[in-house]
Structures are given as structure tokens and as C-alpha cells.
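# Understanding the architecture of this molecule
Residue strings, one per chain:
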Amino acid sequence: MSEQTVTIYGKDHCPFCDRAIADYNRRGYAVQYFNVKKDNNLLNEMLVHSNGQRRVPTIIENGRVTVGFGGACTV
């Protein structure tokens, strides 16, 4: 069985991003974390996935996009 991967667009010091990363790690996912505050190209990628919502975490799991994890921070 291969390890599942989840992509999380977030920013440092966001409690919701931290919780999402911890939860997916706990469940055995490989987490790809992208800090959208440090790279404008990553912010633009996130905005495409989130339909323009400037909220993190934006999570992509098996092609499904979820904005927020028990709440959300704005970018």
C-alpha cells in the first residue's frame, strides 16, 4: 500500500494550518506544505485551487479542495 499524500497551502504561525499538518501526519499522510507568505507563485497556485479565496489552510486531498481546517486564517 502506498503512502497517501496531501498538499497544504498555509502560512507559518497559523493554528489551523498547524492542526491540519499534525492531523494528516498522525493519520499517516505524507504532507507537502507550501508557505504562501514566502512565495508569491505559491500564493497564486493556492488562489487557483481555492477559487480566489485568500484563506489558509487550503488542503488538496485526492483532488478534492478544502479551504479551512476547523477554521481559517486570512492571507
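Parameters at a glance
Residues numbered from 1 in each chain as written. Predicted model: local features only at pLDDT ≥ 70, side-chain atom pairs only at ≥ 80, totals over all residues. Heavy atoms only, no water. Core = buried A, V, L, I, M, F, W, Y, C linked by side-chain atoms within 4.5 Å. Buried < 20%, exposed > 50% of the residue type's maximum accessible area, 1.4 Å probe, protein only. Helix = DSSP H or I, 4+ residues; strand = E, 2+ residues; numbered from the N terminus. Contact = heavy atoms within 4.5 Å. Phe/Tyr/Trp six-rings, centres within 6.5 Å; stacked < 30°, edge-to-face > 60°. Lys NZ or Arg CZ within 6 Å of the ring centre and 35° of its normal.

Listed in full, the 12 residues of the largest apolar core are Tyr9, Cys14, Phe16, Cys17, Val36, Leu42, Leu43, Met46, Leu47, Val56, Ile60 and Cys73. Where this core is concerned, the elements lending two or more residues are helix H1 (15-26) and helix H2 (40-49). Here this core takes four residues from H2, the largest share from any one element. When sequence neighbours within four positions are dropped, the list of residues in contact with Val36 reads Tyr9, Gly10, Leu42, Leu43, Met46, Val56 and Val75.

Before going further, it helps to examine the packing of aromatic side chains. A full pass over the atoms with the stated rule returns three aromatic pairs. Centroid distance Tyr24 to Phe69: 6.4 Å. Interplanar angle 50 degrees. Geometry classified as tilted. Taken together, the residues Tyr24 in helix H1 and Phe69 in the loop between strand E5 (64-67) and strand E6 (73-74) connect sequence positions 45 residues apart. A relative accessible area of 6% places Tyr24 in the buried class. With a relative accessible area of 25%, Phe69 lands in the partly exposed category. Following the ring pairs from residue to residue traces out a cluster consisting of Tyr24, Tyr29 and Phe69. Here Arg27 stacks its cationic end above the ring of Tyr24, 4.4 Å away from the centre of that ring.

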